[in-house]
Amino acid sequence: METTEVTGWETAVLDGGPADGLRMKVSDRPRVIQVAYPCPVEAAPPGGIRAEAVYLYRRDYTVTTEPLRYGFDVASP
C-alpha cells in the first residue's frame, strides 16, 4: 500500500443536493465526499438505533484553485 504526503488543507464547496453551498476544509483533494443526513425514526427501540440518508459529491476536476467544487451525484441514494 502506498501512502501520499498530505498537501495541506484547502477550502471546498458542495454544489447541489441537500448540502448545497456547504463549505469545508479537505486535504489531498479527495475524489468523493460523503454527506450523511439524519432521518427521523418513529418509535426507536432503546439502544440508539438511527437512520441516515447518504449522499455523494464528486470533485469537479475543471476547478484547480480554491474553493474546490464538488457536485452532487444524482445517482446516490
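Residues numbered from 1 in each chain as written. Predicted model: local features only at pLDDT ≥ 70, side-chain atom pairs only at ≥ 80, totals over all residues. Heavy atoms only, no water.

## Considering unusual backbone geometry
Across the chain, the bulk of peptide bonds are trans and the bulk of non-glycine residues have phi less than zero. For the bond from Glu 66 to Pro 67, the omega torsion is -5°, close enough to zero to count as cis. Considering the arrangement of structural elements, one finds Pro 67 in the loop between β4 (51-59) and β5 (68-72). Phi at Asp 28 is positive, roughly 65°, even though this residue is not glycine. Classification of Asp 28 by relative accessible area gives partly exposed; the value is 32%. One non-glycine residue, Arg 29, lies in the positive phi region at around 45°. One can find Arg 29 in the loop between β2 (23-27) and β3 (32-39). (Helix = DSSP H or I, 4+ residues; strand = E, 2+ residues; numbered from the N terminus. Buried < 20%, exposed > 50% of the residue type's maximum accessible area, 1.4 Å probe, protein only.)

## Looking at the confidence of the model for the chain
Within the chain, residue pLDDT values average 88, and 90% of them lie at 70 or more. When pLDDT is averaged over each element of the chain, β5 comes out on top at 97 and β3 at the bottom at 93. (pLDDT = per-residue confidence, 0-100.)

## Quick look at the pairing of strand β1 (residues 9-15)
In terms of burial, β1 is a largely internal element, five of the seven residues being buried. Where β1 and β2 come together, five bridges link them in antiparallel fashion. In the sheet register, Val 13 faces β2, and the bridge partner there is Arg 23. As paired strands, β1 and β5 are joined by four bridges and run parallel to one another. For Val 13, the partnering residue across the bridge sits in β5 and is Arg 69. (Pairing = 2+ DSSP bridges.)

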